[in-house]
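# Results of the structural survey
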Amino acid sequence: MKEQNHLRETENKMFIDLHLHESAYSPDSQMTLDDDYNIPETMPDVSMIVQEKGDLEIGEVRVENGRALIRGNLRFYVLYLDDSDEGGLHSVKGQIPFEENMNVEGAKDGDSLKLNGILEDLFAVLINSRKMGIKAVGTLELTVEELAEEALTTALEGGEQAEIRTEHRTAAALTVQKKDTCRIKDEIILPANKPNIRELIWQDVALRGMELRPGEDEILIKGELGVFVLYESEETEQKTGWLEQSVPFNSHIDVHGSREGIAASLGAVLAGAELEVKPDYDGELRVLHVDAVLNLDIRMYEEEGVDLVADVYSLKKELIPEKAETDYERLLINSASRCRVSGRMTTEQTDMQILQICHSSGEVKLDDCTAVEQGLRVEGAVQVEVLYITSDDSHPILCRKEAIPFEQLIEVPGMTKDSVWYLDAILDQLAVDMVSGTEMDVKGVVLLQILVLAKERAEHVVSVTEEPLDLTALKALPAFVLYAVQPGDTLWEIAKSCRSTGERICEINGCAPEEIRPGKKLILIKEVR
């Protein structure tokens, strides 16, 4: 009578569960937004557009019948000069709604949808003094992530009566996957040489020097906020003031299962920042209250050594193993790479000399990431924008934009096109210096944080069928033979074929397992008679 033992039904722990992410990427959806914006009646006429910025705000994602409906808004901000002789600075803001459909075939209930909205380009065009055209190009990247559970057999019930061959594998199991937020609050006090603030005109807040590090059941967060403001002052002679200052911060969030040294992919983006003018102790408007929110994307992987049950036989029973192949992931690299970026920027208006640089900002745009033989090749550009004071009183402040390209090869031994990688690109440092009245020198550092997993496949025993020994066939086998080891032979296969054990073969022949090589003569004795 046949007896079949399914490994999952035994009381002993005989397998290890691995939590993996199966990701399916929908084709990117690129959209073009184009709308007119009328200047509010309370605002002065527009003479010249200085700078524009914006972001994509995702409002709703609904999946139905293999399609994802995505609704949101393009939020835009425009800095402009009025038509007065002094060229006063003003800003306006608005939004353009959008609605996109994306294909998500194969998505099931419980799957995680990760949507990333990227504003590729934004520019404002002056139509007349009371109207401007807003044009933007955005990309929606949608990923469907399914948490899969794979089991790898590591032991057999009743294994003390069987010969078991194991293979050691190292697998990376997803232990933590979550999204969280971190709030940063602080205050900036205007230096004594800066005039009081009447009203904020323009602001820019950016992350710099970000460092996220796993700790014991927490994520340690360190960095700084680069804060820049243009404001209308209370003074009559110096109508426009400006301030640029760094706000360092140290914080943490609780993450159960985190520990020092664990492999992790940690991403942080600035979700929003609000600046509010407050009075100081003397009642003067000289304090800026900063309230910023970071969105965190956290993945952690635990490496586990696994001894898989690859084969089995017995000298007392006939064991027929059923085998299966299981996919798993192996950690290749978890590190950070820095790429230096440099270039020159020249002004378009050569008759308007640069007197002083007010503020520089940058954003990393990745154009291509390709797995090559040596690792991962990353190509992109840093979109740099510089606000500067000019020598022309009618155009006191202007903005220059330019893309500074970069390319970096991140060495990842063993990487293939089937590998899975998580890449976070951050502008770590940016410095812009005047070279002449029309030229500026740009230097920066892009931080590339990467985690790469290799896709592996392992064959292992999932169940065993037991049958009585075929005594007639056993008696027909010779009691002993003299065998010459052939190329490709293993001690396991030799022992299994002659109904012996590797330990017994080495004992009889007075040799160690590593001494068994092609051409060696072995005495093989049948252990079952």
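Parameters at a glance
- The residue numbering used here restarts from 1 in each chain and proceeds along that chain's sequence as written.
- The predicted origin of the model limits local features to residues at a pLDDT of at least 70 and limits the giving and counting of side-chain atom pairs to 80 or more, whereas totals for whole chains, interfaces and linings rest on all residues.
- Remark: hydrogens and water are excluded; side-chain values derive from all non-hydrogen atoms of the structure.
- Paired strands, in this sense, are two strands between which DSSP finds at least two bridges.
- Every helix listed is a DSSP run of H or I at least four residues long, and every strand listed is a run of E at least two residues long, numbered separately from the N terminus.
- For helices, the axis comes from a line fit to the C-alpha atoms of the stretch in contact; other axes are also lines fit to C-alpha atoms, and the angle between any two N-to-C directions lies between 0 and 180 degrees.
- Type-normalised accessible area, obtained with a 1.4 Å probe on protein chains alone, sets the label of each residue: buried when under 20%, exposed when over 50%, and partly exposed for intermediate values.
- Asp and Glu count as negative and Lys and Arg as positive, but His and the ends of the chain are not part of the count.
- A pairing counts as a salt bridge when a side-chain nitrogen of Lys or Arg comes within 4 Å of a carboxyl oxygen of Asp or Glu.
- Under this definition, polar contacts are N or O atom pairs within 3.5 Å; protein pairs additionally need one hydrogen-donor-capable and one acceptor-capable atom, and for neighbouring residues in sequence, both atoms have to be side-chain atoms.
- Contacts: residue pairs with any heavy atoms within 4.5 Å of one another.
- Per-residue confidence from the predictor is reported as pLDDT, a score between 0 and 100.
- For this quantity, the arc is that covered by the directions from the helix axis to the C-beta atoms.
- Like-charged residues are merged into a patch within 9 Å and nonpolar side chains (Val, Leu, Ile, Met, Phe, Trp, Tyr) within 5 Å, provided each residue has over 30% relative accessible area and no salt bridge.
- Only the protein chains shown count as cover for residues, and all accessible areas are computed by the Shrake-Rupley method using a 1.4 Å probe.
- Charged side chains are reduced to one point each, which is NZ for Lys, CZ for Arg, CG for Asp and CD for Glu.
- What counts as a disulfide here is a pair of cysteine sulfur atoms lying within 2.5 Å.
- Centres within 6.5 Å make a pair out of two Phe, Tyr or Trp rings, where for Trp the six-membered ring is used; the pair is then stacked when the planes are under 30 degrees apart, edge-to-face when over 60, and tilted otherwise.

### Considering the sheet that holds strand β9 (residues 163-189)
With respect to topology, three strands assemble into an open sheet ordered β9-β14-β13, the strand pairing being antiparallel. Either end of the sheet is taken by a strand with one partner, and the two such strands are β9 and β13 (263-279). Averaged over all pairs of adjacent strands, the angle between their axes in this sheet comes to 5°, without regard to strand direction. Where β13 meets strand β14 (residues 285-313), 16 bridges bridge the pair, whose relative direction is antiparallel. Looking across to β14, one finds that Ala-273 is bridged to Ala-292.

### A few points about the pairing of strand β19 (residues 420-434)
Note: β19 against strand β20 (residues 439-467), 14 bridges, orientation antiparallel. If you follow Met-434 over to β20, its bridge partner there is Met-440. From the end of β19 to the start of β20, which pair antiparallel, there are four residues.

### Examining the side chain of Asp-204
Mapping Asp-204 onto the fold places it in strand β10 (residues 197-215). Despite its burial, Asp-204 pairs with no opposite charge, the nearest such side chain being Lys-53 at 4.0 Å. Polar side-chain contacts of Asp-204 include one of 2.9 Å to the side chain of His-359. In this structure, Asp-204 is in contact with Lys-53, Gly-226, Val-227, Phe-228, His-359 and Ser-361, ignoring residues within four places of it in sequence.

### Section: the sheet that holds strand β12 (residues 240-254)
Taken in spatial order, the three strands of this open sheet run β10-β11-β12, and their pairing is antiparallel. With partners counted over all chains shown, the strands left at the sheet margins are β10 and β12, one partner each. Strand-to-strand twist in this sheet, taken as the mean axis angle between neighbours without regard to direction, amounts to 15°. As judged from the 15 bridges shared by strand β11 (residues 218-233) and β12, these two strands associate in the antiparallel manner. Among the inter-strand pairings, Glu-224 is bridged to a residue of β12, identified as Pro-248.

### Things to note about the pattern of salt bridges
Counted under the stated rule, the structure contains 31 salt bridges. One salt bridge connects Asp-327 with Arg-457, and the closest N-O pair in it is separated by 2.8 Å. Taken together, the positions of Asp-327 in strand β15 (residues 318-346) and Arg-457 in strand β20 put the pair 130 residues apart, joining distant regions of the chain. The class for Asp-327 is partly exposed, based on a relative accessible area of 30%. One network of salt bridges, with partners in common, ties together Glu-60, Arg-62, Arg-71 and Glu-99.

### Some details on the environment of Leu-126
Residue position: Leu-126 is located in strand β7 (residues 112-128). Along the chain, Leu-126 and Ser-47 lie 79 residues apart, while their C-alpha atoms are 8.5 Å from each other.

### Re the confidence of the model for the chain
The predicted model of the chain averages 87 in pLDDT, with 89% of residues at 70 or higher. By mean pLDDT, strand β1 (residues 3-6) is the weakest element of the chain at 32, and β11 is the strongest at 95. Scored below 50 in pLDDT, residues 1-13 makes 28 contacts in the model with residues more than four places away or belonging to other chains.

### A look at the environment of Pro-405
Examined against the element boundaries, Pro-405 turns out to sit in strand β18 (residues 397-411). Counting along the chain gives 22 residues from Pro-405 to Gln-383, while the straight-line C-alpha distance between them is 8.7 Å. Not counting the four nearest positions on each side in its chain, Pro-405 is found in contact with Val-341, Gly-380 and Ala-381.

### Topic: helix α3 (residues 502-509)
Those residues of α3 that fall on the buried side of the exposure criterion are Gly-502, Ile-505 and Cys-506. For α3, the buried positions fall inside an angular range of 95° around the axis, keeping them on one side. Along α3, exposed side chains directed more than 90 degrees from the buried face belong to Glu-503 and Glu-507. Downstream of α3 by a residue or two, Gly-510 has a phi angle that is positive, lying close to 60°.

### Quick notes on unusual backbone geometry
The phi angle at Asp-217 is positive, at roughly 60°, despite the residue not being glycine. In this structure, Asp-217 sits in the loop between β10 and β11. A relative accessible area of 38% places Asp-217 in the partly exposed class. A positive phi angle, near 60°, is found at Arg-499, a position not held by glycine. Mapped onto the fold, Arg-499 is located in the loop between α2 (491-497) and α3. Accessibility expressed as a relative area gives 12% for Arg-499, which makes it buried.

### With respect to a negative patch on the surface
Together, Asp-28, Glu-120, Asp-121, Asp-367 and Asp-368 make up a region of like negative charge exposed at the surface. Broken down by secondary-structure element, the contributors of at least two residues to the negative patch are β7 and β16 (354-372). Relative to the helices and strands, Glu-120 is located in strand β7. For Glu-120, a relative accessible area of 35% translates into the label partly exposed.

### A closer look at a nonpolar patch on the surface
A contiguous nonpolar patch, built from Ile-58, Val-61, Val-63 and Leu-113 and spanning about 250 Å² of accessible area, is present on the exposed surface. Here the element with the most residues in the nonpolar patch is strand β4 (residues 48-64); it accounts for three residues. Note that Ile-58 resides in strand β4.

### Quick notes on the state of the cysteines
Under the counting rule described, the total for this entry stands at zero disulfides. Not engaged in a disulfide, the cysteine Cys-506 finds its nearest cysteine sulfur in Cys-511; these two sulfurs lie 4.6 Å apart. Taking relative accessible area as the criterion, Cys-506 reaches 10% and is therefore assigned buried.

### A look at the packing of aromatic side chains
Applying the stated criterion across every chain yields a total of three aromatic pairs. With centroids separated by 5.4 Å and ring planes inclined at 85°, the aromatic side chains of Tyr-37 and Phe-76 adopt a geometry described as edge-to-face. Of the two residues, Tyr-37 is situated in strand β3 (residues 29-38) and Phe-76 in strand β5 (residues 67-81); the sequence distance between them amounts to 39 residues. Across this residue pair, the class does not change: Tyr-37 and Phe-76 are buried. Seen from their ring centres, Phe-228 and Trp-242 are 6.5 Å apart, and the 45° between their planes marks the pair as tilted. Taken as a pair, Phe-228 in strand β11 and Trp-242 in strand β12 lie far apart in primary sequence, 14 residues in all.

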